[in-house]
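Read off the chains here:
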Amino acid sequence: MGLKGLTHPKTAVRGNVLGGLGMLVAVVAVLFEQEILGIGGLLGGLAAGTLIGALFAVRVQMTAMPQLVAIFNGFGGAASALVAAGEYVAVSDHGSGVLVDKASYFASLTAQGMISHHAVESLAIGFAGLVGAATFTGSVIAFAKLQELISGKVYNIPGNQFLTMALTLGSLGMCGYMLVAPSVMLFWLLIAVASVLGIALVLRIGGADMPVVIALLNSLSGIAAAAAGFVLANTSLIIAGSLVGASGVILTVIMCKAMNRSLANVLFGGVAVAAGDQEDIYTGKIKETDADEVAILLDAADRVVFVPGYGMAVAQAQHAVRELTNQLKKRGKTVEFAIHPVAGRMPGHMNVLLAEVDIPYDDLKEMEEINPTFGEVDVAIVLGANDVVNPVARDDPDSPIAGMPIIDVDRARNVIVIKRSLSPGFAGIPNPLFANDNTLMFFGDAKGAIMSANTALEEY
């Protein structure tokens, strides 16, 4: 019921509450039934969890959602790894490897006795530890990059691809070897190698690829949970983890398609960064504008489309955008928002920011829906987006971003680009959109620019 509610913004809050309530009932019931904690311990845990959750809810800004999601993914992976570790210690202490209440469960997973119960459980424990540990450390690095505790750049470590492949194959090999000769030392070595693998994978991924990384880590946290379900012989955990894992994989594929790149290229290949010649494209062609001219264009327009990007998130301009949107609608204008799947630093980043300020969900248009109608748009306002509106992806087959789906803002009658400078995006190439005849550059902070345009429109 919780997952179903999360499929639409109108029911998302209810779905979130139902999911949380389900987890509360599950945890309390297990701890109480197994006599793990008394009433005092349960109340203490509830109080601590409530305090932590309340602090997150009150103190974390909507602009910090990507790093919060990243660290939550990490907690999920860590929980699965800890379950695997605890169970492996229990298995080692019991010697035989299979607890009595699991025997019938694992019997159903073995092929007519060809694989022992102990082998199935050892494989599940090893896989849960591997995926959980890699998810945790990878999520911590993603969090650190998004929180700017470390640079969001690509860390090109010498021999990184070889190291990553060696760590991947090595951890899988140890996981398989646990079927033959399981040992506590081998298990902890597997956890250590998997932890380094998570760090190595995410360190070399740049900030612009974070939507793919977060979707992938979300998927891995679900896969780790499903593996933990096999460890615990818990069918519900297997199902829930599989749902999260499968949906995360689908979302990862969507993100990759939106960048016209494969997952392998994101994880191992990076992106070809080109140093374009800005002089040839921009010299003598850039037309600057100000708030008064923007107000004149908006007053004369019938249809206005905002194209939000990471710059809107950095400037926290969503509230100013809402105020301008309200004024435009009062004047009878049609206002829409064109959303690119990889705009921002996590899947749905722009949707979350706009939902925070109560922008109607029906006003948010997916790229495929709005692109064919851009010729009918009077004013398109680009808010801190770059590569996702760069027409060379569509027009130049030799470009580093050739084939990447973009929002066709250049086909609007008038384009206003709000940006601090002419600096390139993650691909490192100039954007001919900035020099188009129908483009006006409004240099400055996105929040300040929108507020000044709104003020000018009120006085117009």
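The coordinates are above.
Cut-offs applied
- Residues numbered from 1 in each chain as written.
- Predicted model: local features only at pLDDT ≥ 70, side-chain atom pairs only at ≥ 80, totals over all residues.
- Heavy atoms only, no water.
- 1 Å grid on protein atoms, 1.4 Å probe; cavity = no way out; pocket = protein on both sides within 12 Å on 5 of 7 lines; lining within 4 Å.
- Points joined across faces, edges and corners; volume = space filled by probe spheres on them.
- Helix = DSSP H or I, 4+ residues; strand = E, 2+ residues; numbered from the N terminus.
- Nonpolar A, V, L, I, M, F, W, Y, C, P; charged D, E, K, R; others polar.
- Axes fitted to C-alpha atoms, helices over the stretch in contact; angles between N-to-C directions.
- Parallel < 35°, antiparallel > 145°, perpendicular 65-115°, else oblique.
- Left-handed = near helix turned anticlockwise from the far one by under 90°.
- Phe/Tyr/Trp six-rings, centres within 6.5 Å; stacked < 30°, edge-to-face > 60°.
- Buried < 20%, exposed > 50% of the residue type's maximum accessible area, 1.4 Å probe, protein only.
- Expected span 1.5 Å × (residues − 1).
- Core = buried A, V, L, I, M, F, W, Y, C linked by side-chain atoms within 4.5 Å.
- Contact = heavy atoms within 4.5 Å.
- Arc of directions from axis to C-beta.
- Pairing = 2+ DSSP bridges.

Trainee: Please clarify how empty space enclosed by the protein should be interpreted in this entry.
Mentor: Gaps left between atoms show up when a probe the size of a water molecule is rolled over them. Counting across every chain of the model gives one cavity of 30 Å³ or more. One number sums up the size of the largest cavity: a volume of about 30 Å³. If you go around the largest cavity, the residues you meet are Val 294, Leu 324, Ile 381, Ile 416, Ile 418, Phe 442, Ile 450 and Ala 453. When residues of the lining of the largest cavity are traced back to their parent elements, those giving at least two are β5 (414-419) and α19 (446-459). Of the residues contributing to the lining of the largest cavity, the split by class is eight nonpolar, no polar and no charged.

Trainee: Any chance you could explain the packing of helix α9 (residues 210-232) against helix α10 (residues 235-259) here in plain terms?
Mentor: What describes two packed helices is the angle between their axes and the distance between those same axes. Between α9 and α10, whose axes approach to 7 Å, the crossing angle comes to 160 degrees. Classified by the angle between their axes, α9 and α10 sit roughly antiparallel to one another. When you trace α9 past α10, the crossing you get is left-handed.

Trainee: Any chance you could explain the packing of aromatic side chains here in plain terms?
Mentor: Think of a pair of aromatic rings as described by two things: how far the centres are apart, and how the planes are tilted against each other in angle. With the rule as written, the count across this model stands at six aromatic pairs. An angle of 25 degrees between the planes, with centres 4.9 Å apart, marks the rings of Tyr 88 and Phe 187 as stacked. One end of the pair, Tyr 88, is in helix α4 (residues 65-94); the other, Phe 187, is in helix α8 (residues 184-203), with 99 residues separating them in the sequence. You'll find Tyr 88 and Phe 187 in the same group, each marked buried.

Trainee: Help me out: how do you make sense of helix α2 (residues 9-33) in this one?
Mentor: In an α-helix, one turn spans 3.6 residues; hence positions three or four apart end up facing the same way. The end-to-end C-alpha distance of α2 is 36 Å, a good match for the 36 Å that 25 residues give at a rise of 1.5 Å each. At the exit of α2 stands Glu 35, carrying a positive phi of roughly 55 degrees.

Trainee: What is the right way to read the nonpolar core from this model?
Mentor: Nonpolar side chains tend to gather and get buried jointly when the protein is soluble and globular. Ranked by internal contacts, the top residues of the largest apolar core, which has 37 residues, are Phe 306, Phe 337, Ile 381, Leu 383 and Ile 418. Per-element tally for this core: the top contributor is α19, with six residues. In this structure, Phe 306 is in contact with Val 321, Leu 324, Thr 325, Leu 328, Val 335, Glu 336, Phe 337, Ala 338, Ile 381, Leu 383 and Ile 450, ignoring residues within four places of it in sequence. If you look at the next biggest cluster of nonpolar residues, it comprises 30 residues, including Met 367, Ile 370, Phe 374 and Val 382.

Trainee: Mind showing me how you'd approach the environment of Leu 298 here?
Mentor: Counting through the fold element by element, Leu 298 comes out in helix α13 (residues 291-300). Of the residues examined, Leu 298 reaches a relative accessible area of 0% and is grouped as buried. Sequence separation between Leu 298 and Ala 313 is 15 residues; the distance between their C-alpha atoms is 23 Å. Apart from the residues lying within four places of it in its own chain, the contact partners of Leu 298 are Val 304, Leu 324, Leu 328, Lys 333, Val 379 and Ile 381.

Trainee: I'm lost on α13 in this one. Help?
Mentor: What α13 keeps buried is the set Ala 291, Val 294, Ala 295 and Leu 298. Seen end-on, α13 carries its buried residues on one side only, within an arc spanning 100 degrees. Away from the buried face of α13 by more than 90 degrees, exposed residues Asp 292 and Ala 300 are located. Packing partners of the buried residues in α13 comprise β1 (303-308), α15 (318-330), β4 (379-383), β5, β6 (439-443) and α19.

Trainee: Would you mind showing me how to read the sheet that holds β1 here?
Mentor: Pairing between sheet strands relies on hydrogen bonds along the backbone, with the strands arranged either parallel or antiparallel. Reading across the sheet, the six strands line up as β3-β2-β1-β4-β5-β6 and stay open at both edges, with parallel pairing between neighbours. A strand with exactly one partner marks an edge of an open sheet, and here the two such strands are β3 (364-366) and β6. Ignoring which end each strand starts from, the neighbouring axes of this sheet average 25 degrees apart. As defined by bridge partners, β5 adjoins β6 across five bridges and the pair is classed as parallel. Pairing of Ile 418 across the sheet is with Phe 442, part of β6. The strands that helix α16 (residues 349-356) touches are β1, β2 (334-339) and β3; relative to β2, the one it contacts most, it runs at about 145 degrees.

Trainee: Please explain unusual backbone geometry as it appears in this structure.
Mentor: Leaving glycine aside, a negative phi is the common case for residues, and trans is the common case for peptide bonds. Residue Glu 148 is not a glycine yet carries a positive backbone phi of 60 degrees. In this structure, Glu 148 sits in the loop between α6 (117-146) and α7 (160-177). Taking relative accessible area as the criterion, Glu 148 reaches 65% and is therefore assigned exposed. Phi is positive for Ala 233, close to 55 degrees, though the residue is something other than glycine. Looking at the element boundaries, Ala 233 is found in the loop between α9 and α10.

Trainee: Looking at this model, I keep getting lost on the packing of α15 against α19. Mind explaining?
Mentor: Interhelical geometry of α15 versus α19 gives an angle of 25 degrees and a closest axis separation of 9 Å. When the axis of α15 is compared with that of α19, the two are roughly parallel. In this structure, α15 meets α19 at a crossing whose hand is left-handed. Of the residues in α19, those touching α15 at Ala 320, Val 321, Glu 323, Leu 324, Gln 327 and Leu 328 are Lys 447, Ile 450, Met 451, Asn 454, Leu 457 and Glu 458. The residue makeup of the contact of α15 with α19, split by class, is seven nonpolar, two polar and three charged.

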